[in-house]
Amino acid sequence: TERSFIMVKPDGVHRGLVGDIIKRFEQRGYKLVGCKVLVPSRELAAKHYAEHDGKPFFPKLVDFLTSGAVVALVFEGKDVVKTGRTMIGATNPLASPPGTIRADFGIDMGRNIIHGSDSVESAMREIALWFRADELADYTPVATAWIYE
Ligand code: GTP
Ligand code: MG
């Protein structure tokens, strides 16, 4: 079953939004299988955003992500990659519809609170980058049959 890498960025942690963000994914029915707090190294941040290496905003992006603690999360469930991106909203919070995480909590693109994998392939790469296999929990929530038919 599908997994996505979700990360509360330093702005979201400083602003106390971690609980609310986890709550939204839990309420939707997604299963939390990985969770840790860390201050990422520049090497980890650069690898995470490797697709943007060389773009004008890349150095600022790495500075920002390494400026404080992040909360790295893995959620599992049906269509979690695409649905997670829908829940998060557009890259620019001001262009995101109300009800999305970025619209409900953000204004500037460089302070957009949360990361979500953009494809199943990205999710697999990012999960392997941020977590060891033994940091991901394998379990079946008792509510599963009340979330999926
Ligand atoms: P992530 O979930 O963080 O990967 O955001 P995203 O997938 O919505 O956007 P993308 O991967 O294209 O860009 C990664 C991050 O770089 C964004 O979240 C923005 O903070 C930043 N970013 C992207 N495009 C621009 C840009 O054109 N200018 C600036 N200043 N920042 C950008
Ligand atoms: Mg992205």
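Residues numbered from 1 in each chain as written. Chains lettered and ligands numbered in written order. Predicted model: local features only at pLDDT ≥ 70, side-chain atom pairs only at ≥ 80, totals over all residues. Heavy atoms only, no water.

Concerning the UniProt feature "active site" (unreviewed entry) in the protein
Where we set the bar: UniProt positions are given in the numbering used here, feature names are shortened, and annotations may be inferred rather than shown by experiment. A helix here means a DSSP run of H or I that spans at least four residues, while a strand means a run of E at least two residues long, and both kinds are numbered starting from the N terminus.
When the UniProt feature table is mapped onto this chain numbering, "active site" (unreviewed entry) sits at H115. Within the element layout of this structure, H115 appears in strand 4 (residues 114-116).

Observations regarding the packing of aromatic side chains
The cut-off we apply is this: Working definition: a ring pair exists when centres of Phe, Tyr or Trp rings (six-membered ring for Trp) sit within 6.5 Å. Plane angles under 30 degrees give stacked, over 60 give edge-to-face, the rest tilted. When a residue's accessible area, from a 1.4 Å probe over protein chains only, is under 20% of the maximum for its type it is buried; when over 50% it is exposed; and in between it is partly exposed. Lysine and arginine charges are scored as sitting over a ring when NZ or CZ, respectively, is within 6 Å of the ring centre and within 35 degrees of the ring normal.
In this structure the tally under the stated criterion is 3 aromatic pairs. Summarising the aromatic geometry, the rings of F5 and W130 are spaced 5.3 Å apart at their centres and angled 25 degrees between planes, so their arrangement reads as stacked. Here W130 lies in helix 7 (residues 120-130) and F5 lies in strand 1 (residues 3-8), a separation of 125 residues in the sequence. Comparing F5 with W130, the two get one shared label, buried. Between F5 and F131 the ring centres are 6.4 Å apart and the planes differ by 70 degrees, which places this aromatic pair in the edge-to-face class. Here F131 lies in the loop between helix 7 and helix 8 (144-147) and F5 lies in strand 1, a separation of 126 residues in the sequence. When sorted by exposure, F5 lands in the same class as F131, which is buried. An aromatic cluster is built from F5, W130 and F131, whose rings are joined through pairwise contacts. Between the NZ or CZ atom of K31 and the centre of the ring of Y139, over which it lies, the distance is 4.9 Å. Positioned above the aromatic ring of F131 is the side chain of K36, whose terminal nitrogen or guanidinium carbon lies 4.7 Å from the ring centre.

Regarding the packing of helix 2 (residues 18-28) against helix 5 (residues 80-88)
As a reminder, the rule being used: Only the contacting stretch of a helix is used when fitting its axis, a line to C-alpha atoms as for every element, and angles between N-to-C directions run 0 to 180 degrees. Here roughly perpendicular refers to angles of 65 to 115 degrees, roughly parallel to angles under 35, roughly antiparallel to angles over 145, and oblique to all remaining angles. Definitions for this section: a left-handed crossing has its near helix turned counterclockwise from the far helix by less than a right angle. A right-handed crossing has that turn clockwise. Any pair of residues with heavy atoms lying within 4.5 Å of one another is described as a contacting pair. Asp, Glu, Lys and Arg are counted as charged, while Ala, Val, Leu, Ile, Met, Phe, Trp, Tyr, Cys and Pro are counted as nonpolar; the rest, among them Gly, fall into the polar class.
Interaxial distance between helix 2 and helix 5 falls to 12 Å at its minimum, and their mutual angle equals 135 degrees. Between helix 2 and helix 5, the angle falls in the class oblique. For helix 2 against helix 5, the interelement crossing comes out right-handed. Mapping the contact onto sequence places R24, F25 and R28 in helix 2 and T83, G84 and M87 in helix 5. Grouping the amino acids of the contact of helix 2 with helix 5 by side-chain chemistry returns 2 nonpolar, 2 polar and 2 charged.

Some points on the side chain of S96
We apply this condition: Throughout this description, a polar contact denotes any pair of N or O atoms lying within 3.5 Å of each other; where both atoms belong to protein, one of them has to be capable of donating a hydrogen while the other can accept it, and for residues adjacent in sequence the pair is counted only when both atoms sit in side chains.
Of note, S96 is situated in the loop between helix 5 and helix 6 (101-105). At a separation of 2.9 Å, a polar atom in the side chain of S96 contacts the main-chain amide nitrogen of A90.

A few points about the UniProt feature "domain: Nucleoside diphosphate kinase-like" (unreviewed entry) in the protein
UniProt records the feature "domain: Nucleoside diphosphate kinase-like" (unreviewed entry) at residues 1-138, using the numbering of this structure. The distance from the first to the last C-alpha atom of residues 1-138 is 12 Å, and the span holds 41% helix and 17% strand.

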